[in-house]
Amino acid sequence: MNYIFIIIVILILIEIFLFLWINKIKVSKWILTDEDLLSDFRIDKFLKFKKSNFNELLGWDKKKNTKNFDRIGNKKISYSIDKKGFRKSKYKKFKNSIITFGDSYVFCRQVTDKDTWQEFISKKNKLFVSNYGVGNYGLDQSYLKFKKTKLNSKTKIILFGFVPETICRIQSIWKNFLEFGNVHGFKPYCLFQKKIYLKNNILKKNTKYNQLKKIVELAKQKDRFFIEKYNKRIFKFPYLISFLKCFELNVKILKNTLFRHPDDLEKIIFPIIMNDNISNSHRLYSEVHSQKVLENLMKKINSEIKSKKDKKIYFVVLPQLFDLKKKSRSNYINFFKSLDKKLNILDLTNDFLKVEYKKYFINDKYGGHLNKRGNQLVSRIIEKKIIYENNLTK
């Protein structure tokens, strides 16, 4: 009986400790304590999103003829979107030889309009590389944006750029299950059942705020990452069981936050979570189903563009800073290498590993986008592998 009493006391003390610790660290959006998925929605922010960024086909998009800014600390980095929907360029008077679609590494987030890799290529080669990148896109969204974009008859190269994490993004229905707090990130998604299907966004143009509960319930049923990730990360009583569900990750967070000031917690927790997210994306490159989803999406895009005869397609893999830090990057390197004979794939990972790559990234809370120097490196690689090989400077 004494042993049972001691065990009960120990368990009670553990629960009290975890309760206090969780309440301390829940200032970070990456720490989930509330099962009510509607708690992060605000009607004013939802209506603002629907007006300024929402796109039923794509999930979200940059609005034409607009100006906005990113931040690095307290510094504002301005950017502009042209009336035709691409990022502002000084070189649009030149022949639009290359059109680029992709995520924030294509858009070149957190640098000015003149410091994108598209601008460096355009300036040096006296041609126009148009930039239709949009932050946080998966390859599925980039493809759908391509399909709705009117191509210039002089365009010879269509380039799709993406980070390796796209293998998660293309299967995601609601980004909140992948990136906690991204509550407006409903999107189209890929489904593989003997062949690839692109399924429509579950958030519609006419969806009202009071209908979100129904939309969220649908996302819970359809999105694999609700069970595999989001639901496993929720802390609830008994807290010890919640802690054990993601034991290794929670131990890392505990060790790094236990005696730290609350003001420091977000910048401590974010890189731990980001590192875990990248590990999970690398793991999916060894999962047969995820391999088939991404491979068949790329083949679908490749087939459609090749049918245009006078167009050529390239897929460019742009590693994030955390990709380069992890040995598990070999999973995606080998995957893309296996497809390179069927598809034009340019994986820049090894190019970055040959240099002191940390100097080429903006190492901030977003996990490191390319800085000016990084975009210059990308421009030189693309010049060598795409511009010169296709004689686009003539």
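An account of the accompanying structure is given in this report. Predicted, not measured: the structure shown is a model, and the values here were computed from it.

**Some details on helix α16 (residues 372-387)**
Line of reasoning, step 1. For α16, the set of buried residues is Gly374, Asn375, Leu377, Val378, Ser379, Ile381, Ile382, Glu383, Ile386 and Ile387.
Line of reasoning, step 2. For α16, the capping residue at the N-terminal end is Asn371, with a side-chain oxygen 3.1 Å from the backbone nitrogen of Arg373.

**A word on a nonpolar patch on the surface**
Line of reasoning, step 1. Residues Tyr3, Ile4, Phe5, Ile6, Ile8, Val9, Ile10, Ile12, Leu13, Ile16, Phe19 and Leu20 make up a contiguous nonpolar surface patch of roughly 1,200 Å² in combined accessible area.
Line of reasoning, step 2. The topology assignment puts Ile16 in helix α1 (residues 2-25).
Line of reasoning, step 3. We classify Ile16 as partly exposed; its relative accessible area is 45%.

**Describing a positive patch on the surface**
Line of reasoning, step 1. On the surface, a cluster of positive charge is contributed by Lys67, Lys88, Lys90, Lys123 and Lys372.
Line of reasoning, step 2. Inspection of the secondary structure puts Lys123 in helix α4 (residues 117-125).

**Concerning the pattern of salt bridges**
Line of reasoning, step 1. Under the definition given, this model contains 20 salt bridges.
Line of reasoning, step 2. In this structure, Glu383 and Lys124 form a salt bridge, with 3.3 Å as the shortest nitrogen-oxygen distance. Here Lys124 lies in helix α4 and Glu383 lies in helix α16, a separation of 259 residues in the sequence.
Line of reasoning, step 3. Under the relative-accessibility criterion, Glu383 is labelled buried at 3%.
Line of reasoning, step 4. For Lys124, a relative accessible area of 56% gives the class exposed.
Line of reasoning, step 5. Note that Asp310 and Lys311 form a salt bridge whose closest N and O atoms lie 3.8 Å from each other.
Line of reasoning, step 6. With relative accessibility at 37%, the residue Asp310 sits in the partly exposed group.
Line of reasoning, step 7. Ionic contacts of the salt-bridge type, sharing partners, join the residues Asp103, Glu165 and Arg169 into one network.

**Topic: the packing of aromatic side chains**
Line of reasoning, step 1. Going through the model one piece at a time under the given rule, you end up with 35 aromatic pairs.
Line of reasoning, step 2. When the centroid spacing of 6.1 Å and the interplanar angle of 50 degrees are considered together, the rings of Phe19 and Tyr239 count as tilted. Pair noted here: Phe19 is in helix α1 and Tyr239 is in helix α9 (residues 239-245), with a separation of 220 residues, a long-range link.
Line of reasoning, step 3. Here Tyr239 falls in the buried class, since its relative accessible area comes to 16%.
Line of reasoning, step 4. An aromatic cluster is defined as three or more aromatic residues linked by ring pairs; in this entry it consists of Trp30, Phe41, Trp174, Phe177, Phe180, Phe186, Phe226, Tyr230 and Phe270.
Line of reasoning, step 5. The side chain of Lys76 reaches across the aromatic face of Phe69, ending 4.5 Å from its centre.
Line of reasoning, step 6. Sitting over the face of the ring of Phe180, Lys229 holds its NZ or CZ atom 5.5 Å from the ring centroid.

**Structural notes on the packing of helix α10 (residues 247-257) against helix α11 (residues 265-284)**
Line of reasoning, step 1. At a minimum axis distance of 10 Å, the contact between α10 and α11 shows a crossing angle of 155 degrees. Viewed along their axes, α10 and α11 adopt a mutual orientation that is roughly antiparallel. By crossing handedness, the relation of α10 to α11 is classed as right-handed. Contacts between α10 and α11 involve Leu249, Lys252, Ile253, Asn256 and Thr257 on the former and, on the latter, Leu265, Ile268, Ile269, Ile272, Ile273, Asn275 and Asp276.
Line of reasoning, step 2. Taken together, the residues that form the contact of α10 with α11 break down as seven nonpolar, three polar and two charged.

Rules of the game
- Residues numbered from 1 in each chain as written.
- Predicted model: local features only at pLDDT ≥ 70, side-chain atom pairs only at ≥ 80, totals over all residues.
- Heavy atoms only, no water.
- Buried < 20%, exposed > 50% of the residue type's maximum accessible area, 1.4 Å probe, protein only.
- Helix = DSSP H or I, 4+ residues; strand = E, 2+ residues; numbered from the N terminus.
- Polar contact = N/O pair within 3.5 Å; in protein donor to acceptor, adjacent residues only side chain to side chain.
- Patch = residues over 30% accessible without salt bridge, like charges linked within 9 Å, V, L, I, M, F, W, Y side chains within 5 Å.
- Areas by Shrake-Rupley, 256 points an atom, 1.4 Å probe, with all protein chains shown as cover.
- Salt bridge = Lys/Arg side-chain N within 4 Å of Asp/Glu carboxyl O.
- Lys, Arg positive; Asp, Glu negative; His and termini not counted.
- Charge placed at Lys NZ, Arg CZ, Asp CG, Glu CD.
- Phe/Tyr/Trp six-rings, centres within 6.5 Å; stacked < 30°, edge-to-face > 60°.
- Lys NZ or Arg CZ within 6 Å of the ring centre and 35° of its normal.
- Axes fitted to C-alpha atoms, helices over the stretch in contact; angles between N-to-C directions.
- Parallel < 35°, antiparallel > 145°, perpendicular 65-115°, else oblique.
- Left-handed = near helix turned anticlockwise from the far one by under 90°.
- Contact = heavy atoms within 4.5 Å.
- Nonpolar A, V, L, I, M, F, W, Y, C, P; charged D, E, K, R; others polar.

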